[in-house]
Amino acid sequence: MLRPLSPNLVPCEIPADTMKLYGTLTSPYVRRVRVVAAAVGVPFTLIDTKTEDGQAALRGVNPLWKVPTVEIDGQIIVDSRAIVEYLLRTRGHEQFRPVTQHGFILESNITQVVDNALDAGIRRFYLEQDDPDISAPYLDKEKARVDSAMAWIADRVHGPWVTDEPGFGFAELALYTTLDWMRFRKAYDFSGYQCLVDFMAAHAEDMAATAPDAAG
Ligand SMILES: N[C@@H](CCC(=O)N[C@@H](CS)C(=O)NCC(=O)O)C(=O)O
């Protein structure tokens, strides 16, 4: 099981070995990086992209203007999956279930389904922030896509795990951060799936330190 060491570390001065993390404390994708950085012992400084300065800094390093983006070991990495992969490859896998040859396809399918459901939820969230009454057939399709994805995932979750190999790996991290963001933003009610409720309960203690609720 993955045990985060500390949720955020924000020193006054940035030592050379500290990662610069562009993001917000409410983003589920940024949370994945925060969890893994804490678990492998990489301190980071958060550049808050909700602020004007933070957003300008992000736009200077990532042409997609998306978070998380990190600066580490003199390089910029965009996309949470690549950042997590880099941290695990360079700082150690000890607490993280590795992806085996056997498990690769299932893990890949699960993370694609989870991430696409999350992306659909995030798009709806942003659009409804701009216009609470917004309505369009494509938005209905996005909602139906999330329903379909959740039913597919619920079929595969067993106890605290998602793949057929036990252990906390990327699929579990992706699913936990996604469901917790949906709970936090009231974007999707998964309480009808007892297996998803149980999955969340199994990891809640380990994930509490990085919960989005405190950030508002
Ligand atoms: N595939 C990307 C997705 C990142 C993503 O969508 N981040 C959201 C925040 S949770 C974002 O930056 N949205 C800004 C926008 O769409 O303008 C990853 O895994 O890092």
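Residues numbered from 1 in each chain as written. Predicted model: local features only at pLDDT ≥ 70, side-chain atom pairs only at ≥ 80, totals over all residues.

## A look at the site of the ligand
- Around the ligand, the structure places Ser 27, Pro 28, Tyr 29, Trp 65, Lys 66, Val 67, Pro 68, Asp 79, Ser 80, Arg 81 and Ile 122.
- Counting only elements with at least two residues in the shell around the ligand, the list comes to α1 (28–40) and α3 (80–91).
- Its residues assigned to classes, the shell around the ligand shows six nonpolar, two polar and three charged. (Near = placed C-beta within 6 Å. Helix = DSSP H or I, 4+ residues; strand = E, 2+ residues; numbered from the N terminus. Nonpolar A, V, L, I, M, F, W, Y, C, P; charged D, E, K, R; others polar.)

## A few points about the sheet that holds strand β4 (residues 75–78)
- An order of β2-β1-β3-β4 is seen for the four strands of this open sheet, with the pairing classed as mixed. Looking along the sheet, the strands with just one partner apiece sit at the ends: β2 (44–48) and β4. Across this sheet, the average inter-strand angle for adjacent strands is 20°, counted without regard to direction.
- The sheet contact formed by strand β1 (residues 19–23) and β2 spans five bridges and is parallel. Paired with Lys 20 across the strands is Thr 45, a residue of β2. (Pairing = 2+ DSSP bridges. Axes fitted to C-alpha atoms, helices over the stretch in contact; angles between N-to-C directions.)

## Examining unusual backbone geometry
- Cis peptide bonds are those with omega within 30 degrees of zero, and the linkage from Val 67 to Pro 68 qualifies with 5°.
- Position of Pro 68 relative to the elements: it lies in the loop between α2 (52–61) and β3 (69–72).
- Backbone geometry at Asp 73 places phi at a positive 50°, although glycine is not the residue there.
- Examined against the element boundaries, Asp 73 turns out to sit in the loop between β3 and β4.
- The phi angle at Asp 79 is positive, at roughly 90°, despite the residue not being glycine.
- Summarising the element assignment, Asp 79 is placed in the loop between β4 and α3.
- Taking the number of C-beta atoms within 10 Å as the measure of exposure, Asp 79 has 16 and is therefore partly exposed. (Buried ≥ 20, exposed ≤ 12 C-beta atoms within 10 Å, placed from the backbone.)

## A word on the nonpolar core
- Counting 44 residues, the largest nonpolar core has Val 33, Ala 37, Val 114, Ala 117 and Leu 175 as its most contacted members.
- Elements with a contribution of two residues or more to this core: β1, α1, β2, β3, α3, α4 (104–130), α5 (137–156) and α6 (170–184).
- Counting residues per element, this core draws most heavily on α6, which supplies nine residues.
- For this core, the two domains that each supply at least three residues are domain 1 (8–91) and domain 2 (104–215).
- Apart from residues lying up to four places away in sequence, Ala 117 is in contact with Arg 145, Val 146, Ala 149, Met 150 and Thr 178. (Core = buried A, V, L, I, M, F, W, Y, C linked by C-beta atoms within 7 Å. Domains from an automatic or database assignment. Contact = placed C-beta atoms within 7 Å.)

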